[in-house]
Amino acid sequence: MSSKQQQLVVILGTGGTIAGRAESADDNVGYTAAQLGVEQLVAAVPALASRRLEAHQLAQLDSKDMDFATWQLLARCVAQHLSRPEVGGVVITHGTDTLEETAYFLQRVLAPVKPVVITAAMRPATSLVPDGPQNLLDAVCVANDRYASGVLVAFGGSVFDAEQVRKVHSYRVDAFAAADGARLGLVEEGEVRWLLRTRLPREAIGLARIERDAEQWPRVQIVMNHVGADGSIVHALVAQGLDGIVVAGTGNGTVSTGMEAALREAQSRGVRVLRSTRCDAGPVMDLPGALPSAGSLSPVKARIELQLELLV
Ligand code: ASP
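About the cut-offs
Residues numbered from 1 in each chain as written. Predicted model: local features only at pLDDT ≥ 70, side-chain atom pairs only at ≥ 80, totals over all residues. Heavy atoms only, no water. Near = heavy atom within 4 Å. Polar contact = N/O pair within 3.5 Å; in protein donor to acceptor, adjacent residues only side chain to side chain. Areas by Shrake-Rupley, 256 points an atom, 1.4 Å probe, with all protein chains shown as cover. Nonpolar A, V, L, I, M, F, W, Y, C, P; charged D, E, K, R; others polar. Salt bridge = Lys/Arg side-chain N within 4 Å of Asp/Glu carboxyl O. Buried < 20%, exposed > 50% of the residue type's maximum accessible area, 1.4 Å probe, protein only. Helix = DSSP H or I, 4+ residues; strand = E, 2+ residues; numbered from the N terminus. Contact = heavy atoms within 4.5 Å.

Visitor: Summarise the site of the ligand; cite the residues concerned and give the values.
Guide: As a matter of local geometry, the ligand sits amid G16, T17, Y31, D62, S63, G95, T96, D97 and A121. Between T96 and the ligand, the recorded distance is 2.5 Å, taken from a side-chain N or O atom to an oxygen atom. Between the ligand and A121, the relevant distance is 3.1 Å, taken from an oxygen atom to a main-chain nitrogen or oxygen of the residue. A total of 260 Å² of accessible area belongs to the ligand in isolation, and the protein chains cover 93% of it. For the shell around the ligand, the per-class residue count stands at two nonpolar, five polar and two charged.

Visitor: Quick one: what's the story with the pattern of salt bridges, residue by residue and with numbers?
Guide: Inspection of the entire model under this criterion finds eleven salt bridges. Between R193 and E188 there is a salt bridge; the shortest N-O distance is 2.7 Å. Using a relative accessible area of 42% as the deciding quantity, one classes R193 as partly exposed. The partner of R219 in a salt bridge is D243, and the shortest N-O contact between them spans 3.4 Å. Here R219 is found in the loop between β10 (191-194) and β11 (220-224), whereas its partner D243 is found in the loop between α5 (232-240) and β12 (244-249), with 24 residues between them in sequence. We classify D243 as partly exposed; its relative accessible area is 24%. Taken together, the salt bridges that share partners define one network made up of E54, R84 and E86.

Visitor: Could you give me a rundown of the environment of V168, with the residues and numbers involved?
Guide: Relative to the helices and strands, V168 resides in the loop between β7 (165-167) and β8 (176-178). Given the relative accessible area of 49%, V168 is considered partly exposed. For the pair V168 and L99, spaced 69 residues apart in sequence, the C-alpha separation works out to 12 Å. Setting aside residues up to four positions removed in sequence, V168 forms contacts with A175, F176 and A177.

Pasting the structure below:
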């Protein structure tokens, strides 16, 4: 065992289905998320008893309701624990619904060298066969792995990158995948088998950028291009007042004539516009004269990127 593997792992609980409870063991959908404390989640995994762990409850919510104030708290808390020399990595228990957004946010703000591993579950803790305990154990193993670095997601036996990971299924326990198939590794009996180790270095944005009161964060909304999209939703949003719009375009970020006109008008009124795609994978290529592209970011991650830019 390397010295890194003996380092302390801090587990931060935020709620989600992994901490959810249902009335009966055969109910995997009619449950209430965010009911069990993080200490209870750890206690449910006997294999964690011999690990050097510390657990803290940071929030207790269904991740469909994740908010900017909790993100601020989480980013600060993760940074504080990572700065402790005895801490080798941090694990965050989260809901699956917005896990990919929290992962991307933390990666962009902190770009940590030590691993920050987010995990979750599709089935509540009361399920006949819950997936949370194995996912939590896997996440701790990843956080202890000497090659792990940055914000990662451990789920269903796979390790994903914060930028690539997406929830791709609404029910199955293998609910996550990497866009363009770029899964980083597999967790097998407590060992991580890395498949991909290359990561493009991107600088941390830093905690100072997210200091502004969460109530005052830029308002960025997502709209979608589709058959008959006429841009009226963009006009309605601009009339309400907002700072940015991400359009989930069709294919290579294409938008209808009406949607394009509405977005250009929004731009002329000072609203920042980014073009992503509603496709499950693949980038939006920049074209001369086209609305700015979000590259390979999904619409929800492009929204975070734009928000962070607008926070300058
Ligand atoms: N609604 C839940 C959440 O995101 C779903 C889950 O965790 O699987 O918190």
